[in-house]
Amino acid sequence: MNADEPRQPSGEFVQSLSRGLAVIRAFSDERTMLTLADVARIAGLSRASARRSLLTLEALGYVGMQQNRFYLRPRVLDLGYAFLSSSSSVDTTQDHLRRLSTRLGESCSACEYDDGDIVYVARAAAESVMPLRVSIGRRIPAFCTSTGRVLLSAMSPDELDAFFAKYPREKFTPQTVTDEQELRERIAQVREQGWALNNQELDLGARSIAAPVVDTRTGAYISAVNVTVSTSRVSVEELIENCLPPLLETTAQISSDIALLSAQR
């Protein structure tokens, strides 16, 4: 896994493109309609730079405007679809998630690490389970999720030091662990046992268990897959006993299939 160190701009760095992407990332599921001032503040740009980026994105069809408030248009999905459609590992993972979800009757997701967060890249939702606001592309802080701790466990000591120095740790529920020393101990445990358990640290009423998808050539972690259950239906003991073995079988199979696809290229 690569460190999260900021890259120094080269002589070929395109500042205007960087600003445009920062403007797009200012929007989220909680910030769907933004004023020019909002975008400038969130993206860390001057009002003039934010305005030029917004008007350019509007002309290209990526942004709309209504009553002096901006919003993303469906064309933005082309950017994410380009990644999903070009990633054979995501396709392979999605197929296995469907089978695992059907087998367990629970929702399953796959996540990759990016800039302090985990990003959902594949998901299979079971019917008649507690609703969670989870969709492809959603970002959640890595420190308080089962998939995040799996991926953090693959970091080198220097990378982990940089992670703790850079990213804040919000307390989402009374169960959320934010203390650095305790988190380090839990991440070390995940590294040793090869899987992680999250018990209501992100959402009350939900617990999950996760394991890594591994690049069999290098040992690097490609992603992490989890199974999420309701605390009212499944105890911690039941989660480990009933869901962990099928989860480990699935991640091993995904790792093997990705290796096979890579060898065929």
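For the structure, check the block above.
A brief report on the enclosed structure follows.

Analysis parameters
Here the residue index of a chain counts from 1 through its sequence in written order. Under the rules for a predicted model, residues below a pLDDT of 70 receive no local features and side-chain atom pairs below 80 are neither given nor counted, while totals for whole chains, interfaces and linings still include all residues. The side-chain figures draw on all heavy atoms in the structure; neither hydrogens nor water molecules are used. Numbering of helices and strands starts at the N terminus; helices are DSSP runs of H or I of at least 4 residues and strands are runs of E of at least 2. Relative accessibility thresholds used throughout: buried, under 20% of the residue-type maximum; exposed, over 50%; partly exposed, between the two (1.4 Å probe, protein chains only). By definition in these notes, contact holds between two residues if any of their heavy atoms fall within 4.5 Å. What sets the accessible areas is the Shrake-Rupley method with a 1.4 Å probe; for residues, cover comes only from the shown protein chains. Paired rings are identified among Phe, Tyr and Trp, the last through its six-membered ring, by centres lying within 6.5 Å, and are further divided according to the angle between planes into stacked (under 30 degrees), edge-to-face (over 60) and tilted (the rest). Note that a disulfide, as used here, is simply two cysteine sulfur atoms within 2.5 Å. With a 1 Å grid spanning the protein atoms alone, the term cavity applies to any set of points in which a 1.4 Å probe fits but cannot get out, the term pocket to an open set with protein on both sides within 12 Å along at least five of seven lines, and the term lining residue to any residue with an atom within 4 Å of a point. Grid points are joined across faces, edges and corners, and a volume is the space filled by probe spheres set on the points. Throughout, the ten residues Ala, Val, Leu, Ile, Met, Phe, Trp, Tyr, Cys and Pro are labelled nonpolar, Asp, Glu, Lys and Arg are labelled charged, and all others, Gly among them, are labelled polar. Only when DSSP finds a minimum of two bridges between them are two strands counted as paired. A fitted line through C-alpha atoms serves as each axis, taken over the contacting stretch for helices, and the angle formed by two N-to-C directions is quoted from 0 to 180°. Only four residue types enter the tally: Lys and Arg on the positive side, Asp and Glu on the negative side; His and the chain ends are excluded. What makes a salt bridge here is a side-chain nitrogen of Lys or Arg within 4 Å of a carboxyl oxygen of Asp or Glu, nothing more. Polar contact is defined as a pair of N or O atoms within 3.5 Å, subject to the rule that within protein one atom must be able to donate a hydrogen and the other to accept it, and that residues adjacent in sequence are counted only when both atoms are side-chain atoms. Take the buried Ala, Val, Leu, Ile, Met, Phe, Trp, Tyr and Cys residues and link them wherever side-chain atoms come within 4.5 Å; each set so joined is a nonpolar core.

### Quick look at the overall build of the protein
Regarding its fold elements, the protein presents 9 helices and 8 strands. Evaluated residue by residue, the protein yields a buried proportion of 41% over its 265 residues. Pairs at least 24 residues apart make up 59% of the contacts formed inside the protein by residues separated by at least 6 positions. Carbon together with sulfur atoms contributes 50% to the accessible area of the protein, which is approximately 14,500 Å² in total.

### Some points on the packing of aromatic side chains
In total, this model carries 3 aromatic pairs according to the counting rule given. Here Y113 and F163 contribute two aromatic rings whose centre-to-centre distance is 6.5 Å and whose plane-to-plane angle is 55 degrees, an arrangement assigned as tilted. Here the residue Y113 occupies a position in strand 3 (residues 107-114), and F163 occupies one in helix 7 (residues 157-166), the gap between them amounting to 50 residues. Across this residue pair, the class does not change: Y113 and F163 are buried.

### A closer look at the state of the cysteines
Disulfide: a covalent bond connecting the sulfur atoms of a pair of cysteines. Applying the stated criterion across every chain, the model contains 0 disulfides. In this structure C108 is not part of a disulfide, and its nearest cysteine sulfur, from C243, lies 8.1 Å away. Accessibility expressed as a relative area gives 0% for C108, which makes it buried.

### Topic: empty space enclosed by the protein
Scanning all chains against the criterion turns up 3 cavities of 30 Å³ or more. There is about 210 Å³ of room inside the largest cavity. Every residue lining the largest cavity is counted, 21 residues in all, and those nearest its centre are Y120, L202, S208, N226 and T228. At the level of elements, strand 3, strand 4 (117-124), helix 6 (146-152), strand 7 (206-214) and strand 8 (221-230) are the ones that each hand at least two residues to the lining of the largest cavity. Partitioning the lining of the largest cavity into residue classes produces 8 nonpolar, 9 polar and 4 charged.

### Overview of the sheet that holds strand 6 (residues 196-199)
Within a sheet, each strand pairs with its neighbour through backbone hydrogen bonds, oriented either parallel or antiparallel. Taken together, 6 strands build an open sheet; the order of strands is 5-4-3-8-7-6 and the sheet is antiparallel. Because the sheet does not close on itself, it has two edges, and the strands there are strand 5 (139-141) and strand 6. Taken over all neighbouring pairs, the strand axes of this sheet differ in orientation by 30 degrees on average, direction set aside. Here strand 3 pairs with strand 4 via 7 bridges, running antiparallel.

### Considering unusual backbone geometry
Notably, N68 is not glycine yet its phi reads approximately 65 degrees, a positive angle. With respect to the helices, strands and loops of the structure, N68 is situated in the loop between strand 1 (63-66) and strand 2 (69-72). Classification of N68 as exposed rests on a relative accessible area of 62%. Phi is positive for Q200, which is not a glycine, with a value near 65 degrees. Checked against the element boundaries, Q200 lands in the loop between strand 6 and strand 7. Q200 sits in the buried class, given a relative accessible area of 16%.

### Here's the deal with the side chain of R207
Looking at the element boundaries, R207 is found in strand 7. An unpaired buried charge is present at R207: no salt bridge exists, and E238, the closest side chain of opposite charge, is 6.9 Å distant. Polar side-chain contacts of R207 include one of 2.9 Å to the side chain of N199. Looking at R207, its side chain comes within polar contact range of the main-chain oxygen of V234, at 2.6 Å. Not counting residues up to four positions away in its chain, the partners in contact with R207 are N198, N199, Q200, V227, T228, V229, T231, V234, S235, V236 and L239.

### A few points about the nonpolar core
Soluble globular proteins tend to pack their nonpolar side chains together in the buried interior. Membership of the largest hydrophobic core comes to 24 residues, with the highest contact counts inside it found for Y113, I118, L152 and F163. Contributions of two or more residues to this core are made by strand 3, strand 4, helix 6, helix 7 and helix 8 (180-193). The contacts of F163, once residues within four sequence positions are left out, are Y113, G116, A142, F143, L152 and M155. Among the nonpolar cores identified, the runner-up in size contains 22 residues, and L97, L100, V225 and V227 belong to it.

Everything listed here is a matter of coordinates, which is why it stays silent on function.
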